[in-house]
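Breakdown of the fold
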Number of protein chains: 2
Amino acid sequence: MQALLAPQSIAVIGASRNPDTLGTIILQNCISAGFTGRLIPVNPKYAGEQILGYTCEATITQETAVDMAVIVVPSTYVEQIVSECIEAQVGSVIIISAGFAEVGNQQLQERIAKKLRAANIPLLGPNCLGIIAPAARLNASFADGSPLPGGIAFASQSGAFCTALLDWALAERIGFSHFVSLGNAAGVTETELLQAWDNDPAVHAMVFYLETIHQVNAWKNSLQKTHKPIIVLQPGASTAARQASRSHTGSLAPNARITEEFYRSTGVVQVRTMRQMQSLLQLLSSNPTPKSSSESGITVVTNAGGIGVMTADILAEYTLPLAPLSEETRTLLREILPPAASVLNPIDIIGDAGKERYEATLRCLITRPEVEEILLLMSPQKNTQIVETCTMIAALQTTTKKPIRCVLTGGEKIQPGREVLEEHQVAHFPTPSEAIEALSLLRRRHKDPLPERPDTMPKHPRLATPGLQNQQITSALCAAYGIFTPPSKTCTTLKEALHFTQQYAPIVLKIDAPAAVHKTELHGVRLHLSTREEVSTAWESLQQNITEQQLEGARLLAQQMIPEDSIAVIAGIKRDPHFGPVMVVGAGGIYAELIADTALRILPTSAISTMLEGTKVGRILQGERGQHYAISALLELLERLQTLALCHPELREIDLNPVLITAEAAYAVDVKFLV
Amino acid sequence: MQALLAPQSIAVIGASRNPDTLGTIILQNCISAGFTGRLIPVNPKYAGEQILGYTCEATITQETAVDMAVIVVPSTYVEQIVSECIEAQVGSVIIISAGFAEVGNQQLQERIAKKLRAANIPLLGPNCLGIIAPAARLNASFADGSPLPGGIAFASQSGAFCTALLDWALAERIGFSHFVSLGNAAGVTETELLQAWDNDPAVHAMVFYLETIHQVNAWKNSLQKTHKPIIVLQPGASTAARQASRSHTGSLAPNARITEEFYRSTGVVQVRTMRQMQSLLQLLSSNPTPKSSSESGITVVTNAGGIGVMTADILAEYTLPLAPLSEETRTLLREILPPAASVLNPIDIIGDAGKERYEATLRCLITRPEVEEILLLMSPQKNTQIVETCTMIAALQTTTKKPIRCVLTGGEKIQPGREVLEEHQVAHFPTPSEAIEALSLLRRRHKDPLPERPDTMPKHPRLATPGLQNQQITSALCAAYGIFTPPSKTCTTLKEALHFTQQYAPIVLKIDAPAAVHKTELHGVRLHLSTREEVSTAWESLQQNITEQQLEGARLLAQQMIPEDSIAVIAGIKRDPHFGPVMVVGAGGIYAELIADTALRILPTSAISTMLEGTKVGRILQGERGQHYAISALLELLERLQTLALCHPELREIDLNPVLITAEAAYAVDVKFLV
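Throughout what follows, the structure given in this document is the object of discussion.

What counts and what doesn't
- Residues numbered from 1 in each chain as written.
- Chains lettered and ligands numbered in written order.
- Predicted model: local features only at pLDDT ≥ 70, side-chain atom pairs only at ≥ 80, totals over all residues.
- Heavy atoms only, no water.
- Helix = DSSP H or I, 4+ residues; strand = E, 2+ residues; numbered from the N terminus.
- Buried < 20%, exposed > 50% of the residue type's maximum accessible area, 1.4 Å probe, protein only.
- Contact = heavy atoms within 4.5 Å.
- Areas by Shrake-Rupley, 256 points an atom, 1.4 Å probe, with all protein chains shown as cover.
- Lys, Arg positive; Asp, Glu negative; His and termini not counted.
- Charge placed at Lys NZ, Arg CZ, Asp CG, Glu CD.
- Polar contact = N/O pair within 3.5 Å; in protein donor to acceptor, adjacent residues only side chain to side chain.
- Pairing = 2+ DSSP bridges.
- Phe/Tyr/Trp six-rings, centres within 6.5 Å; stacked < 30°, edge-to-face > 60°.
- Axes fitted to C-alpha atoms, helices over the stretch in contact; angles between N-to-C directions.
- Salt bridge = Lys/Arg side-chain N within 4 Å of Asp/Glu carboxyl O.
- Expected span 1.5 Å × (residues − 1).
- Arc of directions from axis to C-beta.
- Patch = residues over 30% accessible without salt bridge, like charges linked within 9 Å, V, L, I, M, F, W, Y side chains within 5 Å.
- Parallel < 35°, antiparallel > 145°, perpendicular 65-115°, else oblique.
- Left-handed = near helix turned anticlockwise from the far one by under 90°.
- Nonpolar A, V, L, I, M, F, W, Y, C, P; charged D, E, K, R; others polar.

A closer look at the overall build of chain A
Counting secondary structure elements, chain A contains 22 helices and 29 strands. The principal-axis extents of the C-alpha atoms in chain A amount to approximately 100 × 80 × 40 Å. Taking all 675 residues of chain A together, 59% fall into the buried category. Pairs at least 24 residues apart make up 68% of the contacts formed inside chain A by residues separated by at least 6 positions. Here chain A has roughly 26,700 Å² of accessible surface; of this, 51% comes from carbon and sulfur atoms. Across chain A, the mean location of the 54 positive side-chain charges is 2 Å away from that of the 65 negative side-chain charges.

Here's what the structure looks like:
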């Protein structure tokens, strides 16, 4: 990878004397970037001639010690050139040329990638813009311009996204350590780059634009290992977007919620829009770099009261706290500020604040223990000293570890202030929304601990019969893994049901039939049966239902009734084609599908105990409505469900609906296993 | 108001020879704006001298036919000056000076406002920046610069917000018809401006930044009457923001959800952030102006596939539809576009698209019936002809009524394109997020029809006893207004309960006690009682509860049990100090408070029938889960609840919890009236 990320010599295969060809543009970019190593244009047509001051070679085969070969020839010639590169033992290959998998030429691409893999030569592309590494004075790309040097590594599967982001970053003076266009990613993928950048001390954050994940497990492992902030923008969350993506790269977007859980559990900041990404880049490229999973309050300073109010609104919307200012701090502020100012947070230093009032306020705040992060708002008013204040902020920031993030609202008048802040790497935003969105995204970052090796010794033989498993197997499987179900019995006669009632009253009678998926909807359940009379009546009416609706193979199941004041949840396992087994748990009952109050975990996971955090049903179980439930019994049941799912990969789906939780226990009342 | 919005003569009272004083700045702004009427500096200190080329007068009293007096003297002199203005019969007064209600000088402010009101002279301010009307060449403000002329009228209660927005608007070349700083709004408020602007054909949209509403009813009536798009930014939605607002303007923000309902029902686009407001201004100042309540699909054209996918994502997030392209349209596009392009929507015309490909695509699309609104994405790539393409778009837009909204991602390279679009009033945005957010906000705009005069002839005498009403009054009131409750009886003996059971089994027995607010939590309810034995057991256990918990005055209530498979909703009336009676309806049951699935209406309303649209419980009632419920019976009940609430203003709170809806009827099972 070193040969790709920091080459000492570059051959541009396909450079020509025509300055408008991509090959020549790339050679020119190499020169303009101030590359200090060897540059070799390669083109049999111009062999021996000078191209941009470098002698052109006929082929690469004669060359030795070439770290990087950039191939910019029509796709039909690429395979031959690649063979020559292998022969010449180049250190890395970039294929700029298009005309591969993106137009259906999957086989050619795979053949080339395989050859290079066999030769142990990293391949970037094909169908990419190339690579830029400003600190290494490397610009082996046909991008128009090169970003400033900085600590953010960026890789994109979309060339167009690269160019748009680059143009924006140049205007905002955001610096990068690397800027990589992955193209079709037939060789080097996001995973190899992440691994290389994780070991590079010059990289302090990584940003990826992905349309597909190439190797989910390797990607997951690498994400788990790194401690650097990672931002991923992976479009395709909605159905419509999925369609657009299919036509664009031929990749199917995985289920949005599972993707979200994947990134949450690996501590990645997943962004959904270009705007969010830009705001985060602003924040990550500033000093001091922001902390993750911070819960510290934010202190807002403003020269416009209304914009302060609005900022408090937006902070509340994102559930970011305002730091409560101590009485002492407020007294200190009152001494500095005019009487009309407000020393609550947001601190309104009022419209006529000049540089000195801003400075006095900031100098006071950074000494206060409750002030950990400052959001400074400035709008261009009569007495606002925009450039002076921004210069003061930049200087002050170098003296404190407490970050000062700035929101400079306005247009032309405020612009010089923005430029001062950019020059000194102080984060600034055009309105409070962008700042708060970015802070919120970064603060929510939190990585689940690595799961322990789960016990996959099955406690029950593998299931052989495909389809929905019957009551007997279901019960046996639940028993083997310690999933608690209420006492129940399949009854063939009313007598059996009455006998069961004597032992377990009150009971529930329900139809157990393969076709009866939604029992409630076919009126196949009778609750609260205690007396002989009640059981008999229910028995007859259910039997009649079976006859009327011609439910083949249907039988009646008697089950002990779980107390009324229990809480219903649903829990289950699905298998995702990308991410493997996924556990879902959420509110049960008739609102279940509508309120979509569910939590997910991709298995194996060490984070079942936190699964209910943030769900509504979790809050109810924890006693928000005055009554406590056996939440630990539910979590125990979910742990066992995980073991069961991992031990039985033949189970395509598991459905526990409902699980009823009383004050003492959690019962899986209705269980379905699908092989 | 004409004298304020389009004066022919202006006196600036407090102008001086010092160019840095506010009075002189205002006079200078009047001159710079090219004011064509008479300008009169007034200041006894400089009487007879020239100020900026105009002869200074000693006092206003000698002047006649002055349309506007701008007062810029210390607050202690303002009252005297105002008296002189009244004497001189000026047409309008602007008090720029601060030092009134905002620093506690409420009385002085009120005295001045009262005098002017008596003299029928409109007053703008005090504590404001002034007024700008570019088309009338009026800039009677101390703002730094004047916006371009345009069709948007803007008024703000925050001067700082004015200056920030003005600076932004100048940079983006957004034009305004009026730009008004309301200051403390002691005279002219948002309502008078709205009324004046509604009658002004030059105004086609109005934008307000408000921290408080001065007269809710007048404001509501004016909003109801106008058909022009209205945007309101009113910070203070959250508790934290409420605190900030209190310290800022001394006004209490009303409950956020009620404010939201207020603006929804009056067809106002309520924005929450400066960013949303800026995006909407971009859209409203463009040609063609966007339609409200449109449901037409959006057609996306992009030269960057990935950004197209992201756009589809964001559209889905905002539930804006992508227009489905007909087979015919796709065939036409295929003829125009290279094979690698995608003719699904988003239409990906791929990265090497120049002006001609954009033009061919747009020319094709605007002729297609299913294409109603185009969102054009452009990112700066190798062959992108930014200026040429934008010039083409601007020209094409003049030939079609179908709007073309542009998203130009990038920075410096794309900037010249933005400038072309600004010059020709074509809306453009920096990323898809801003465009879609603005379109979504404007499309959701929909005004409820004006409520008919409700029947406020009470069908039941006014209630005199304060506090929670007893069972007898409650039942009588429900009966009088046709609110259906299940048969029930307060029983003092078990015998009575058994008798009731014979008639209505199965029944419910519950504790009816003033202290028993949450019956479920004190185990005060027994369901499913049919047999003698069941009723006796329940009776004893409830009586024991009453004794143990010392519930004074508690009695037992027997009630017919509503079938199990009914749906529970809660409905009620609260009285808001700002907006009056508010009806709330939403999902009942244990999740009610957590899922917050509620809808609001401010009474009187004509829009009860649409109340359940968008709620989850509404979807269940409409049969989303396969079972239908008497939704019309619920709506009927809500109509009757409205009548009851309007007839009985002495009722501070009404609580129907739960209302149970079966397939046939809606029963208010538990009703509370609070006087």
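Next comes the rest of the description.
A closer look at the environment of His628(A)
Residue and element names in this part refer to chain A. Inspection of the secondary structure assignment puts His628 in the loop between helix 21 (616–621) and helix 22 (631–647). Put simply, His628 and Pro321 are 307 residues apart on the chain and 29 Å apart in space, counted from C-alpha to C-alpha. Within the structure, His628 has its side chain in polar contact with the backbone oxygen of Gln622 (distance 3.4 Å).

So, the pairing of strand 1 (residues 9–13) of chain B
Within a regular strand, the side chains alternate between the two sheet faces. Residue and element names in this part refer to chain B. The buried count for strand 1 comes to five of five residues, which makes it a mostly enclosed element. Burial of strand 1 is two-sided: the residues Ser9, Ala11 and Ile13 facing one way and the residues Ile10 and Val12 facing the other way are all buried. Where strand 1 lies against strand 2 (residues 38–42), five bridges are found, and the strand directions are parallel. Bridging from a neighbouring strand, Val12 pairs with Pro41 of strand 2. Here strand 1 pairs with strand 5 (residues 68–71) via four bridges, running parallel.

A closer look at the packing of aromatic side chains
The description of an aromatic ring pair rests on the distance of the ring centres and on the angle between the ring planes. Residue and element names in this part refer to chain A. Summed over all chains, the structure comprises 22 aromatic pairs over all chains. Considering the side-chain rings of Phe154 and Phe176, the 6.3 Å spacing of their centres and the 65° angle between planes classify their relative orientation as edge-to-face. You can see Phe154 sitting in strand 10 (residues 148–156) and its partner Phe176 sitting in strand 11 (residues 175–181), a full 22 residues away along the chain. Grouping residues by exposure puts Phe154 and Phe176 together as buried.

Describing the sheet that holds strand 7 (residues 123–124) of chain A
Residues and elements named next belong to chain A. The strand order across the open sheet built from five strands is 2-1-5-6-7, with neighbouring strands paired in parallel fashion. This sheet does not close on itself; its edge strands, each paired only once, are strand 2 (38–42) and strand 7. As paired elements, strand 6 (residues 92–95) and strand 7 share two bridges and run parallel to each other. Within strand 7, the residue paired with Ile94 across the bridge is Leu124. Sheet strands touched by helix 3 (residues 75–87): strand 1 (9–13), strand 5 (68–71) and strand 6. Its angle to strand 5, the strand with the most contacts, is close to 170°.

Some details on unusual backbone geometry
Residue Gly125(A) is joined to Pro126(A) through a cis peptide bond whose omega torsion reads 0°. With respect to the helices and strands, the residue Pro126(A) is situated in the loop between strand 7 and strand 8 (130–133). Between Ala505(B) and the following residue, Pro506(B), the backbone shows a cis peptide bond with an omega angle of -5°. Within the secondary structure, Pro506(B) is located in the loop between helix 18 (494–504) and strand 21 (507–512). For Asn120(A), which is not glycine, the phi torsion reads 65° and is therefore positive. Turning to its location among the elements, Asn120(A) is positioned in the loop between helix 4 (106–118) and strand 7. Look at Asn120(A) and you get exposed, because its relative accessible area is 68%. Positive phi is not limited to glycine here, since Thr319(A) has a value of about 45°. For Thr319(A), a relative accessible area of 67% gives the class exposed.

Some points on the pattern of salt bridges
Side chains carrying opposite charge are able to pair once their charged atoms draw close together. All names here are of chain B. Taken as a whole and judged by the stated rule, the model has 52 salt bridges over all chains. Note that Arg601 and Glu261 form a salt bridge whose closest N and O atoms lie 3.5 Å from each other. In this pair, Arg601 sits in strand 26 (residues 598–602) while Glu261 sits in helix 9 (residues 256–265), placing the two residues 340 residues apart along the sequence. Across the salt bridge formed by Glu328 and Arg368, the nearest N and O atoms sit 3.5 Å from each other. Here Arg368 lies in the loop between helix 13 (355–366) and strand 17 (373–378) and Glu328 lies in helix 12 (residues 327–336), a separation of 40 residues in the sequence. Relative accessible area serves as the criterion here: at 9%, Arg368 is assigned to the buried category.

Examining the sheet that holds strand 15 (residues 298–302) of chain B
Strand pairing in a sheet is mediated by backbone hydrogen bonds. Such pairs are either parallel or antiparallel. Residue and element names in this part refer to chain B. Reading across the sheet, the five strands line up as 16-15-17-18-19 and stay open at both edges, with parallel pairing between neighbours. Each edge of the open sheet carries a strand with a single partner, namely strand 16 (347–348) and strand 19 (428–429). Relative to the sheet, helix 11 (residues 305–317) contacts strand 15, strand 16 and strand 17, its axis offset from that of strand 15 by approximately 160°.

Brief notes about helix 4 (residues 106–118) of chain B
Residue and element names in this part refer to chain B. Across its 13 residues, helix 4 extends 18 Å between first and last C-alpha, which sits within 8% of the 18 Å expected from 1.5 Å per residue. Along helix 4, the residues that are buried comprise Leu108, Gln109, Ile112, Ala113 and Leu116. In an axial view of helix 4, the angular spread of the buried residues amounts to 130°, which keeps them on one side of the axis. Exposed and oriented more than 90 degrees from the buried face of helix 4 are Gln107, Lys114, Arg117 and Ala118. The secondary structure elements touched by the buried residues of helix 4 are helix 3 (75–87), strand 6 (92–95) and strand 7 (123–124). Following helix 4 by one or two positions, Asn120 adopts a phi angle in the positive range, close to 60°.

Quick word on the environment of Tyr46(B)
All names here are of chain B. Note that Tyr46 resides in the loop between strand 2 and strand 3 (50–51). By relative accessible area, Tyr46 is classed as buried at 16%. When the C-alpha atoms of Tyr46 and Glu57 are compared, they prove to be 7.5 Å apart, with eleven residues separating the residues in sequence. For Tyr46, the contacting residues outside a window of four places in its chain are Ala15, Ser16, Arg17, Ile51 and Cys56.

Structural notes on a negative patch on the surface
A cluster of acidic residues, Glu564(A), Asp565(A), Glu564(B) and Asp565(B), forms a negative patch at the surface. With respect to the element layout, Glu564(B) can be found in the loop between strand 23 (555–560) and strand 24 (567–576). A residue is classified by how much of its surface remains accessible, and Glu564(B), at 45% relative accessible area, is partly exposed.

Considerations on the packing of helix 13 of chain B against helix 14 (residues 386–397) of chain B
Axes are the key here: two packed helices are described by the angle between their axes and the distance separating the axes. Residue and element names in this part refer to chain B. Orientation of helix 13 relative to helix 14, taken along the N-to-C sense of each, is 20°, at an axis distance of 9 Å. The orientation of helix 13 relative to helix 14 falls into the category roughly parallel. Note that helix 13 runs across helix 14; the crossing there is right-handed. Of helix 14, the residues touching helix 13 (which contributes Lys355, Tyr358, Glu359, Leu362, Arg363 and Ile366) are Glu388, Thr389, Met392, Ile393 and Leu396. Grouping the amino acids of the contact of helix 13 with helix 14 by side-chain chemistry returns six nonpolar, one polar and four charged.

Observations regarding the pairing of strand 9 (residues 138–141) of chain A
Residues and elements named next belong to chain A. Judged by which residues are buried, strand 9 turns out to be covered on both faces: Leu138 and Ala140 on one side and Asn139 and Ser141 on the other are all buried. Examined bridge by bridge, strand 8 and strand 9 share four bridges and lie antiparallel to one another. Across the sheet, the residue bridging to Gly130 is Ser141, located in strand 9. From the end of strand 8 to the start of strand 9, which pair antiparallel, there are four residues, and Arg137 there has a positive phi angle of about 55°.

Remarks on helix 7 (residues 216–225) of chain B
Side chains three or four residues apart in an α-helix point the same way, a direct result of the helix having 3.6 residues per turn. Listing the buried residues of helix 7 of chain B in full gives Val216(B), Trp219(B), Lys220(B), Ser222(B), Leu223(B) and Gln224(B). Elements that come into contact with the buried residues of helix 7 of chain B comprise helix 6 (190–198), strand 12 (205–209), strand 13 (230–233), helix 9 and strand 26 of chain B.

Description of the side chain of Ser177(A)
Residue and element names in this part refer to chain A. Within the secondary structure, Ser177 is located in strand 11. By relative accessible area, which is 6% here, Ser177 ends up buried. Within polar-contact distance, the side chain of Ser177 engages the side chain of His178 at 3.0 Å. Aside from chain neighbours lying at most four places away, what touches Ser177 is Ile132, Ala133, Pro134, Gly150, Gly151, Ile152, Ala153, Ala202 and Val203.

These figures capture arrangement, not role.
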